[in-house]
Amino acid sequence: MHIYETLFSLEGENLEMNIAESISFSDGGKRLEIAIKDGILFSDGTPLEPSDVAFSLNRWAENNANALSLLGDSRFSYDESSVFVASAEPLYNIVYLMSSGTSLAVISKEEALLENKYLLLDEITGSGPYVLSSLEPGISCTLEKNENYRSKDDVFFDRIEFLSVSDSNMRRSGLERGEYDFITEVMSEDISSLEESEDVVLLQGEESESIVLVYNKKKGIAAEKPFRQMVSLLIDKSHVMNAIYGKYGWRADSAYMEKQQTSFVFSGDPYYEKNIEKAIEIRDEYGYENEKVRILVSNLSNLDKAALVIKQSLEEIGLSVEIEVLDWTGFLSRRNDEGSFDLFISAFSTVALPQMKQYLNPSYAGWLEDEYLASLVEEMNRAGDLASLSQIWEKAQRYLWENCYVTVCGHYSTINAQRSSIDGVIISEGNRFYSASSDS
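Thresholds applied
- Here the residue numbers are simple positions, counted from 1 along each chain's written sequence.
- For a predicted model such as this one, the threshold for reporting local features is a pLDDT of at least 70, and the threshold for listing and counting side-chain atom pairs is 80 or more; totals across whole chains, interfaces and linings nevertheless cover every residue.
- With hydrogens and water set aside, each side-chain value is computed from the structure's full complement of heavy atoms.
- The helix count covers DSSP runs of H or I at least four residues long, the strand count covers runs of E at least two residues long, and both are numbered beginning at the N terminus.
- Just to be clear, the radius of gyration here is over C-alpha atoms, and the globule rule we use is 2.2 Å times residues to the power 0.38.
- For this analysis, residues touch if any pair of their heavy atoms sits within 4.5 Å.
- Per-residue and other accessible areas were derived by the Shrake-Rupley procedure at a 1.4 Å probe size, with only the shown protein chains allowed to occlude residues.
- The pairing test for Phe, Tyr and Trp rings, Trp by its six-membered ring, is centres within 6.5 Å, and the orientation test on the planes gives stacked under 30 degrees, edge-to-face over 60, and tilted for anything in between.
- Definition used: whenever NZ (Lys) or CZ (Arg) falls within 6 Å of the ring centre and also within 35 degrees of the ring normal, the charge is taken to sit over that ring.
- Any Lys or Arg side-chain nitrogen located within 4 Å of an Asp or Glu carboxyl oxygen qualifies as a salt bridge.
- Burial here depends on accessible area, computed with a 1.4 Å probe over protein chains only, as a share of the maximum for the residue type. Under 20% is buried, over 50% is exposed, and the range in between is partly exposed.
- Each direction from the helix axis to a C-beta atom contributes to the arc, which is the arc of those directions.

1. Details of the overall build of the protein
(1) Moving on: In terms of regular secondary structure, the protein is built from 13 helices and 20 strands.
(2) Moving on: The C-alpha atoms of the protein give 23 Å as radius of gyration, which agrees with the globular expectation for 440 residues (22 Å, within 12%).
(3) Moving on: Here the C-alpha coordinates of the protein stretch approximately 70 × 60 × 40 Å along the principal axes.
(4) Moving on: Across the protein, contacts joining residues at least 24 apart in sequence account for 69% of those joining residues at least 6 apart.
(5) Moving on: For the protein, the exposed area adds up to about 19600 Å²; of that, 45% sits on carbon and sulfur atoms.

2. Digging into the packing of aromatic side chains
(1) Moving on: Tallying each qualifying case throughout the model produces 17 aromatic pairs.
(2) Moving on: Ring pairs connect the aromatic residues Tyr 256, Trp 328, Phe 331, Phe 341, Phe 344, Phe 348, Tyr 359, Tyr 364, Trp 367 and Trp 393, which therefore count as one cluster.
(3) Moving on: Above the plane of the ring of Tyr 272 lies Lys 237, whose end atom (NZ or CZ) is 5.1 Å from the centre.

3. Observations regarding the environment of Glu 291
(1) Moving on: For Glu 291, the location among the structural elements is in the loop between helix 9 (276–286) and strand 13 (292–298).
(2) Moving on: In this structure the C-alpha to C-alpha distance between Glu 291 and Val 321, which are 30 residues apart in sequence, comes to 8.4 Å.
(3) Moving on: What Glu 291 contacts, discounting residues up to four positions off in sequence, is Ile 221, Phe 227, Leu 319 and Ser 320.

4. Brief notes about the pattern of salt bridges
(1) Moving on: Evaluated as defined, the whole model comprises 23 salt bridges.
(2) Moving on: When the shortest N-O distance is used, the salt bridge between Arg 150 and Glu 5 registers 2.9 Å. Here Glu 5 lies in the segment before strand 1 (8–11) and Arg 150 lies in the loop between strand 8 (140–145) and strand 9 (159–163), a separation of 145 residues in the sequence.
(3) Moving on: When its relative accessible area of 37% is taken as the criterion, Arg 150 is described as partly exposed.
(4) Moving on: Note that Asp 190 and Arg 172 form a salt bridge whose closest N and O atoms lie 3.0 Å from each other. With Asp 190 in helix 6 (residues 188–195) and Arg 172 in helix 5 (residues 168–177), this pair connects stretches of sequence that are 18 residues apart.
(5) Moving on: In the salt-bridge network here, residues are joined through shared partners; they are Asp 44, Lys 109 and Glu 111.

5. Some points on helix 6
(1) Moving on: Taken as a whole, helix 6 has its buried residues at Ser 188, Asp 190, Ile 191 and Leu 194. Taken down its axis, helix 6 places every buried residue within 135° of arc, on the same side.
(2) Moving on: The elements touched by buried residues of helix 6 are helix 5, strand 11 (200–215), helix 8 (237–245) and strand 16 (406–419).

Written as structure tokens, this is what we have:
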């Protein structure tokens, strides 16, 4: 979001125009036209044209399952000032997809897209406030100010360096020493000491992520619904959340969406509360005693501690548990191997609409393939307003709970911290520093 720009940004429930000048729907929402601002340059100095936007959106659509379900065979076209698309069904929801942090439709150069239609781009050229200077995957990333950015005078920092520091103690001590200006995911045990420092400011946002157990529905014992239900009944979700975050900043709840998203939050999960007696009944009926369960997890921000809590719960009724702990980069790669795990533990960011949750996508690790659920997702994609979408989602949520395709343990409000000299960081859809400044 620092290097590339989107057509617009979702700020709360409002769309703020970025590359787009305006948007309009016609033909009952089946046709979308997006006017493009004049005078925008890519970081290499070349003009950003409607053709770049159309090519970017088509590449995005072909690699985004939710977008494909909305568009079908329709694709974006362009003229000298706009891009547009027409579909057989209403497209109202596509603007939320384009501007959501988990599936951003970023705009790149047509030339780069033609050469790498489906692969990672070799040329990292956007129109955002920064350009990529260096990258060591899983270690660090350095950005330099984009001198061709249309509002470059509003960009304070010439250089931003992101560091991946999985150890929470190192993050906290580095902030206190002034080695870091901003840190993410402050642990609850560090809150009291940081609150006492005049050089540090704590920043707490709304619920921003959920902790989820994603079962392997494609291969192995977790492909069986009774097994997933048994596992969900064995786990004390509050203990899982406490193991990761300590006493503060989280809420144990099985709703897939965060509490501020009131239109999409429902209760009534029949397999959420811990119930050892019912779990044992399932174990005995289906012969799961001594079954080996493989848990995959990253060592990022105490997620591995949650795995230990789950291991203990499963071993209480005689299951055998094997935990594989990897760094984040290794975890991302390993979870795509259908033969490597029965369940994995991960955090998932807030999305604008429930059908945008990654683990509902059949191609995402966990491989949730269900014709009835797919039909409900299709209905949500075609909904003309949020009220209609909410009614469909309630039906889908209860169906998901009954099948235990994933287990949502709870939600947390990310607590970040920064040096008191820093101001203007946007704590929304990730942490955005392009509007930040410093008095030092």
